[in-house]
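For reference, the chains in residue letters:
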Amino acid sequence: MSSRIVSWARKRSPWLYHLCTGTCNGCDIELLAAITPKFDVERLGCQLVGSPRHADVLCITGAVTKKAKERFVRIYNQAPEPKVVVAIGACALSGGVFAGSKQVDPGADKHVKVDVYVPGCPPRPQAIIDGIYKALEKLK
Amino acid sequence: MKVLKKALLNLFKKPITSQYPKIPSKTPKGFRGKHKIYFEKCTGCGLCGMLCPSNAIKLGKKIKKIKVKKLEHRVIIHPILSIDLSKCIFCGLCQDVCPVNAIKLTRKFDLADYHKTLIQK
């Protein structure tokens, strides 16, 4: 019974952590626009937090550069279970235009388990809200 | 006094927040979203795959026989097989370059999914 209440409450109050692994800042700007009052992802109960130790939803943007790779896996392991990972933008999904460069190791799903993929370069704020909304159905 | 008037007027206005997941949002004209491919129109020139900046378009290889004045010629054509949405950057170059309008970008934008999406026949 208590676990059901906890999972119900968790679904209605997910905390976001925004992790940039070497973007051009396009997806970052769109993700921040999704938090502003015009689009307002906080309607779903989300809140942006500053530490991965508080987070339920990890939003990953950017092709994973070689320097960010080690830190990325470390931050993923710091987030408590249960957690969902949302990969935002073409770079986080497969490298996008940076695929094939020797400075990046593209594809966030190569390093951690990714739950929701949001394609686009960059995706619209509504598309990001849609991705987070679909991620909440996996959060149990 | 001006500020007070504006504040009072704002009390009766609708909130500007878009209620997106409940109410579908409109996209502007010319928005580049999900592709629509007309496979039967494709002539296999291979221009879209050559031009694609992120190599999202996968082309096949086929041998086509053409008859010109009783002589049979064999021509290699490259028909479009699939578009990988996880690689695509939605620049719209494939739509612009296609001579027979076999690729069209629609205004669909909510493409988030639990797996990497691939558009194919």
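Attention in this report is confined to the structure presented alongside it. (Residues numbered from 1 in each chain as written. Chains lettered and ligands numbered in written order. Predicted model: local features only at pLDDT ≥ 70, side-chain atom pairs only at ≥ 80, totals over all residues. Heavy atoms only, no water.)

**Notes on the overall build of chain B**
Here's step 1: Helix and strand counts for chain B stand at 3 helices and 7 strands.
Here's step 2: In chain B, the order of α-helices and β-strands from amino to carboxyl end is α-β-α-β-β-β-β-α-β-β.
Here's step 3: Once the C-alpha set of chain B is aligned to its principal axes, its extents read approximately 90 × 30 × 25 Å.
Here's step 4: For chain B, contacts bridging at least 24 residues in sequence account for 70% of all contacts bridging at least 6.
Here's step 5: When the accessible area of chain B is evaluated, it comes to approximately 9,100 Å², of which 59% is carbon and sulfur surface. (Helix = DSSP H or I, 4+ residues; strand = E, 2+ residues; numbered from the N terminus. Contact = heavy atoms within 4.5 Å. Areas by Shrake-Rupley, 256 points an atom, 1.4 Å probe, with all protein chains shown as cover.)

**Concerning the interface of chain A and chain B**
Here's step 1: Of the residues lining the interface, 29 residues belong to chain A; the matching set on chain B comes to 26 residues.
Here's step 2: Here chain A and chain B share 1 salt bridge between them.
Here's step 3: Residue A:D109 is joined to B:K116 by a salt bridge in which the shortest nitrogen-to-oxygen separation is 3.3 Å.
Here's step 4: Where chain A touches chain B, the interface holds 11 residue pairs in polar contact (both at pLDDT 80 or more).
Here's step 5: Only α4 (89–94), β5 (116–118) and α5 (125–136) of chain A provide two or more residues apiece to the side of chain A that touches chain B.
Here's step 6: Residues belonging to the side of chain A that touches chain B are distributed by class as follows: 14 nonpolar, 5 polar and 10 charged. (Salt bridge = Lys/Arg side-chain N within 4 Å of Asp/Glu carboxyl O. Polar contact = N/O pair within 3.5 Å; in protein donor to acceptor, adjacent residues only side chain to side chain. Nonpolar A, V, L, I, M, F, W, Y, C, P; charged D, E, K, R; others polar.)

**Brief notes about the packing of aromatic side chains**
Here's step 1: For the coordinates displayed, the defined rule picks out 2 aromatic pairs over all chains.
Here's step 2: Pairing B:Y20 with B:F109 gives two aromatic rings, centres 5.8 Å apart and planes at 45°, and the pair type is tilted. Note that B:Y20 is positioned in the loop between α1 (2–10) and β1 (35–37) and B:F109 in the loop between β6 (103–105) and β7 (118–120), a separation of 89 residues in sequence. The two residues B:Y20 and B:F109 agree in class, both being buried.
Here's step 3: Ring geometry for B:F31 versus B:F109: centroids 6.4 Å apart, planes at 85°, classification edge-to-face. Here B:F109 lies in the loop between β6 and β7 and B:F31 lies in the loop between α1 and β1, a separation of 78 residues in the sequence.
Here's step 4: For A:R124, the ring lying beneath its charged end belongs to B:F31, and the centroid distance is 5.2 Å.
Here's step 5: The ring of B:F109 carries the charged tip of A:R124 above its face, separated from the ring centre by 4.9 Å. (Phe/Tyr/Trp six-rings, centres within 6.5 Å; stacked < 30°, edge-to-face > 60°. Buried < 20%, exposed > 50% of the residue type's maximum accessible area, 1.4 Å probe, protein only. Lys NZ or Arg CZ within 6 Å of the ring centre and 35° of its normal.)

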